[in-house]
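Structural characterization, general
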Amino acid sequence: MRDVESQLAYLSRGVDRITPEAEFRQKLERSVKSGTPLRVKYGIDPTGIDVHLGHTVPLRKLRQFQDLGHKAIIIIGNYTALVGDPSGRDETRARLTKDQVEANARDYLEQVGRLIDLDRAEVHRNGDWFARFSFLDVLELTRKMTLGQISAREDFAQRIAAEKPVYLHECLYPLMQGWDSVEIKADVELGGTEQLFSLLVARDLQESQGQPPQVAMTMPILVGTDGTRRMGKSLGNYIGVADAADAMFGKIMSIPDEPMRQYFTLLTEIPIPEVDRLLDPALNPRDAKEALGRAIVAQYHGAEAAETAARAFRKRAAGEDPDVVPEVAVSAARLDAAQSLPAFLLLKELGLEPSASSARRLIEQGGFNIGPDREVVTDPKAPITIHDGLIVRAGKRRIARVRLTP
RNA sequence: GGGUGGAUACCCAAGCGGCCAAAGGGGCCAGACUGUAAAUCUGGUGGCUAUGCCUUCGCAGGUUCGAAUCCUGCUCCACCCA
């Protein structure tokens, strides 16, 4: 096991704060001296299915702990998911069944397995202990916190000020999460900066149970592809770890220039001096973004796939067709006597546009061209003579090759 | 239990009898430009083989020549008071 200083240096990258910092050092010292790995906890609720790069920030940190020989402990919040979180506002979230939750959990683990060595990790479902909780146990738990403490929490305070609802069960979340730490005797818990409150609640609960309190290690919230709001599924600005290499690379290239440093720091191992060099204002930011894309895609799809994705992207940026153009079957019966089809119908037929109306719009705006010479047609009703192998482009990214069938 | 406010297109949000397929913003799409699917600028953004027709403003009825706008009932949501 590496010495304390070296571990501290390795683990501090991309960390917002460690609370309390002195205790963390002590824990590391004790761990090194006794040869006992730290128990490092990270929890997730299996309500959705897409693990995205935002989730990977703490997960990568967990992996780093693992690489240093510490124990990674993943908590699957299956019990909270089973109860159903109604804070989803407009749509009352369909109450998940046990089977769904379990399926989600397995799905989660499969995705998490891309980052964490699950063979060396402990995985717990918090239903294992919460399902046994009696109402009295719940009451006992709620005695540990006051309304004042809860409402002092910034996000709650904001919502109260904005006259937005705060549900009671939401108040229990930090307590439940904290109790997880008691059950697994956590030394360190990882989370985003917004988790700090919950991570600290665990300390009180642990102490009340005669355990040494855990240390909270928080990391910045990753911004999404829009460059402003946090990465999230509901905001539609996320990059999933299960995304195909091309899509992942493309999404990374679509982020604004500003958050690049954050992405480099939180999502890659590229040394900071090297990052500084890449982000030199004198250089083309595109090249930095490309390096970023390659580094991230390589983590999930391998270096070769990353290189291929980067090449394909460059090709597209240069206005060239991709190597592989998807073929779409068109029935010859759809054509008129002159073997042609009005342009807008062709687009719809090929599935490049969802409706005739939107196809007309695209064509009128000059986003439609065909054949090797990229002949632009701007009249939606213009008859297009169809032949097998005809290449049709809609905008800069959508393309199809006609496959005539009888 | 009582009171108040609200439900509008993917999201936020105007409109309060005809000029409303419905302002504005976001998102998204297209075009231009470009050192990038960044930034910036311009246009578009319900459907329909379409200069017109159909459907849409929580749901169901009603008033009216005409309703997103008025009336009645219902459903749902939030906040305040208890």
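Residues numbered from 1 in each chain as written. Chains lettered and ligands numbered in written order. Predicted model: local features only at pLDDT ≥ 70, side-chain atom pairs only at ≥ 80, totals over all residues. Heavy atoms only, no water.

1. A word on the packing of helix H12 (residues 245-253) against helix H15 (residues 285-301)
The geometry of H12 relative to H15 is characterised by a closest axis approach of 9 Å and an angle of 145 degrees between their N-to-C directions. Read as a crossing pair, H12 and H15 show a hand that is right-handed. On H15, the residues touching Ala-245, Met-248, Phe-249, Ile-252 and Met-253 of H12 are Arg-286, Lys-289, Glu-290, Leu-292, Gly-293, Arg-294, Ile-296, Val-297, Tyr-300 and His-301. In terms of residue class, the contact of H12 with H15 is made up of 9 nonpolar, 2 polar and 4 charged. (Axes fitted to C-alpha atoms, helices over the stretch in contact; angles between N-to-C directions. Helix = DSSP H or I, 4+ residues; strand = E, 2+ residues; numbered from the N terminus. Left-handed = near helix turned anticlockwise from the far one by under 90°. Contact = heavy atoms within 4.5 Å. Nonpolar A, V, L, I, M, F, W, Y, C, P; charged D, E, K, R; others polar.)

2. Points about the sheet that holds strand S5 (residues 188-192)
Strand order in the open sheet made by the 6 strands is S1-S6-S5-S2-S3-S4, with mixed pairing throughout. For this open sheet the edge positions go to strand S1 (17-19) and strand S4 (122-125), each flanked by a neighbour on one side alone. Strand-to-strand twist in this sheet, taken as the mean axis angle between neighbours without regard to direction, amounts to 25 degrees. Relative to strand S6 (residues 215-219), S1 runs antiparallel, the two being bridged by 3 bridges. Paired with Ile-18 across the two strands is Met-217, which belongs to S6. Helix-sheet contacts for helix H2 (residues 21-34) involve S1, S5 and S6, and the interaxial angle to S6 is about 110 degrees. (Pairing = 2+ DSSP bridges.)

3. Section: the protein's contact with RNA strand B
In the vicinity of RNA strand B, 34 residues are found, and the nearest of them are Tyr-167, Asp-257, Leu-283, Asn-284 and Pro-285. For RNA strand B, the fraction of atoms within 4 Å of the protein that belong to sugar or phosphate moieties is 59%. Here a sugar or linking oxygen of RNA strand B and a backbone polar atom of Met-253 are 3.5 Å apart. Residue Lys-396 places a side-chain N or O atom 3.3 Å away from a phosphate oxygen belonging to RNA strand B. Elements with a contribution of two residues or more to the surface near RNA strand B: H12, H15, helix H16 (303-317), helix H17 (343-349) and helix H18 (356-364). Tallied by class, the residues present in the surface near RNA strand B amount to 13 nonpolar, 9 polar and 12 charged. (Near = heavy atom within 4 Å. Polar contact = N/O pair within 3.5 Å; in protein donor to acceptor, adjacent residues only side chain to side chain.)

4. A short note on the pairing of strand S13 (residues 398-405)
One ladder, built from 5 bridges, connects strand S7 (residues 327-331) with S13; its direction is parallel. The partner of Val-330 across the bridge, within S13, is Leu-404. Pairing geometry for strand S12 (residues 391-394) and S13, over 4 bridges, is antiparallel. Pairing of Arg-393 across the sheet is with Ile-399, part of S13. Hairpin remark: S12 followed by S13, antiparallel, with 3 residues in the connecting loop; positive phi at Gly-395, about 70 degrees.

5. Describing H12
By the burial criterion, the buried members of H12 are Ala-245, Met-248, Phe-249, Ile-252 and Met-253. Down the axis, H12 shows its buried residues gathered within 135 degrees of arc, on one side only. Next to the buried residues of H12 lie H15 and H16. (Buried < 20%, exposed > 50% of the residue type's maximum accessible area, 1.4 Å probe, protein only. Arc of directions from axis to C-beta.)

6. So, the domain arrangement of chain A
Here the domain parsing of chain A yields domain 1 (4-219), domain 2 (245-317) and domain 3 (327-405). The C-alpha-based centres of domain 2 and domain 3 are spaced at 34 Å. (Domains from an automatic or database assignment.)

7. Focus: the pattern of salt bridges
Under the criterion given, the structure shown has 28 salt bridges. For Arg-334, the salt bridge is made with Glu-349, and the minimal N-O distance between the two is 3.2 Å. With Arg-334 in the loop between S7 and strand S8 (340-342) and Glu-349 in helix H17, this residue pair connects regions lying 15 residues apart in the sequence. Using a relative accessible area of 26% as the deciding quantity, one classes Glu-349 as partly exposed. Taken together, the shared-partner salt bridges connect Glu-290, Arg-294, Glu-307 and Arg-314 into one network. (Salt bridge = Lys/Arg side-chain N within 4 Å of Asp/Glu carboxyl O.)

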